[in-house]
Amino acid sequence: MLIVKKFGGSSLATPARIIAVARRCVEDYRKGDDVVVVLSAIGKTTDELISLARQVADRPPKREVDMLISTGEQVAAAIMAIAMSALDIRAVSLNAFQVGMKTTGSYGNARFRRIDTDRIRHELEDRKIVIVTGFQGINKYDDVTTLGRGGSDTTAVALASALQADACEIYTDVDGIYTADPRICPNARKLPEISYDEMLDLASLGAAVLHNRAVEMAKKYNVTVVVRSSMNRNEGTVVREVTGLERMLISGVALDKNVDRIAVIGLRDEPGTAFRLFSLFAKAGINIDLILQSSGHDGMKDIAFTLADGDADEALELLEKNKARLRFRTAEVQKDVAKLSVVGVGMMSNPGVAAKMFEALYNEGINIQMISTSEIRITVLVDEREGEHAVRAVHDAFELSE
Ligand code: ADP
Ligand code: ASP
Ligand code: MG
């Protein structure tokens, strides 16, 4: 068997945990399996490095930020190989350059293009445990890129696919995927399994337990992913195509606090307004999420939208620069908002899901600022301070706990 095992930062936060992870990997190796270990940076290293960059520059160059934050994963990989050497296990750490993990060029948000498997295979044949840095890649200029926050999961799935691994295990600090973040909702229930599509929505809508690109890639290449705890032996959650269970109405509730809302006020109510506005952001590579347009009166209208909070300053700057061409009165940003979503394939055939969600929020006196729906999800924008309370209210309304 070839197993890819990925461990997140909290699973590596102390020397004792690093040794525990090393021991766990060695168990499979001693059984005769080929083991590839993918690691994130230790503890909160990535956050600390980003904050360091911001202390010396308001807008650190993206290339240099990637060069900086990719170092966290290299520290983790090397220290793991060192921990394994103390267990008398032959192990080798490799970074993205050494493996040959090629990505697109977009710093901070790169996508895998091609992964060379020769070096890894060669080391496995030599009966070594191969430890690979997560989160990083190299572009066509051999510069270091990173895959976006949480991207080590994607490295694991990409490697599992490229190596045609028999198993892809993501070890983290919770026992699996729950009906809501168990840290926000203590009575959330662990799901034995979940479909790619539902997990993709949950991950994209704020459930940080898996990187959304990892789920996207797992679906595309049909990689079965198991999410489980690095701290115990409990069974985790299986993410795969078809679920044997009866489809649940709702599979989960997700909260994303990393969003801002921008309102563009006093636009002209005429053809082309939305096009001019949003093509500006598209050209700058800024993703826009929920959009709300007021009905026009007196020839004027307002458009509000949400975007990732890291993009808000740049978006406002673009708006101000193009004010004369776009012709609006003012643009305002609101930072204290959060996106709350319910996800479930069962929703398609069940009317009344939205009403039930809105009722739960109304009962708690929580105001809804924006709404968006698809076949398998409903998303609302609420005040960030009420976000966690809202998660619990909606989770209870759908009776998702045991
Ligand atoms: P790692 O460092 O292992 O990658 P992350 O912090 O990225 O860990 O992801 C694990 C965290 O995801 C958990 O600690 C939990 O708070 C959060 N989380 C959010 N939504 C969910 C969910 N639906 N099920 C489980 N965990 C969730
Ligand atoms: N260390 C990176 C981050 O904090 C990647 C990861 O954890 O998956 O985002
Ligand atoms: Mg993670």
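Above this text is the structure in question.
The text that follows walks through the structure, step by step, so that each part is easy to find. Computed from a predicted structure; not experimentally measured. (Residues numbered from 1 in each chain as written. Chains lettered and ligands numbered in written order. Predicted model: local features only at pLDDT ≥ 70, side-chain atom pairs only at ≥ 80, totals over all residues. Heavy atoms only, no water.)

Topic: the site of ligand 2
In the vicinity of ligand 2, the contacting residues are Ser-40, Ala-41, Thr-46, Glu-73, Phe-135, Arg-149, Gly-150, Gly-151 and Ser-152. Ser-40 has a polar side-chain atom sitting 3.4 Å from an oxygen atom of ligand 2. Contacts to ligand 2 include Ser-152, whose backbone N or O atom sits 3.0 Å from an oxygen atom. In isolation ligand 2 offers 260 Å² of accessible surface; the protein chains occlude 85% of this area. (Near = heavy atom within 4 Å. Polar contact = N/O pair within 3.5 Å; in protein donor to acceptor, adjacent residues only side chain to side chain. Areas by Shrake-Rupley, 256 points an atom, 1.4 Å probe, with all protein chains shown as cover.)

Things to note about the nonpolar core
Val-36, Ile-120, Leu-159, Met-199 and Val-225 are the most contacted members of the largest nonpolar core, which totals 46 residues. When neighbours within four sequence positions are excluded, Leu-159 is seen to be in contact with Val-4, Val-36, Val-38, Met-101, Ile-115, Ile-120 and Val-132. Core analysis: the next-biggest nonpolar cluster, separate from the first, contains 26 residues, Leu-361, Ile-366, Ala-390 and Phe-398 among them. (Core = buried A, V, L, I, M, F, W, Y, C linked by side-chain atoms within 4.5 Å. Buried < 20%, exposed > 50% of the residue type's maximum accessible area, 1.4 Å probe, protein only. Contact = heavy atoms within 4.5 Å.)

Focus on the packing of aromatic side chains
One pass over the structure, following the stated rule, counts 4 aromatic pairs. Taking the centre distance of 4.6 Å and the plane angle of 15° together, the rings of Phe-7 and Tyr-171 count as stacked. Of this pair, Phe-7 sits in strand 1 (residues 2-7) while Tyr-171 sits in strand 9 (residues 167-172), and the two are 164 residues apart along the sequence. Given a relative accessible area of 2%, Tyr-171 falls into the buried group. Aromatic pair Phe-278 and Phe-305: ring centres 5.5 Å apart, planes at 75°, arrangement edge-to-face. Of the two residues, Phe-278 sits in helix 10 (residues 273-283) while Phe-305 sits in strand 15 (residues 300-308), which places them 27 residues apart along the sequence. Residue classification places Phe-305 among the buried residues on the basis of a relative accessible area of 0%. Each residue in the set Phe-278, Phe-281 and Phe-305 is aromatic and connected to the rest through ring pairs, giving one cluster. (Phe/Tyr/Trp six-rings, centres within 6.5 Å; stacked < 30°, edge-to-face > 60°. Helix = DSSP H or I, 4+ residues; strand = E, 2+ residues; numbered from the N terminus.)

As for the pairing of strand 11 (residues 225-229)
Across the 5 residues that make up strand 11, a large majority, 4, are buried. In the sheet, strand 9 pairs with strand 11 via 5 bridges, with the strands oriented parallel. Within strand 11, the position partnered with Glu-169 by the bridge is Val-226. Relative to strand 12 (residues 237-240), strand 11 runs antiparallel, the two being bridged by 3 bridges. (Pairing = 2+ DSSP bridges.)

A word on the packing of helix 10 against helix 11 (residues 312-321)
Interaxial distance between helix 10 and helix 11 falls to 11 Å at its minimum, and their mutual angle equals 130°. Relative to helix 11, the element helix 10 lies oblique. At the point where helix 10 passes helix 11, the crossing takes the right-handed sense. Between helix 10 and helix 11, the residues in contact are Leu-277, Leu-280 and Phe-281 and Ala-315, Leu-318 and Leu-319, respectively. In terms of residue class, the contact of helix 10 with helix 11 is made up of 6 nonpolar, no polar and no charged. (Axes fitted to C-alpha atoms, helices over the stretch in contact; angles between N-to-C directions. Parallel < 35°, antiparallel > 145°, perpendicular 65-115°, else oblique. Left-handed = near helix turned anticlockwise from the far one by under 90°. Nonpolar A, V, L, I, M, F, W, Y, C, P; charged D, E, K, R; others polar.)

In short, shape yes, function no, at least from these values alone.
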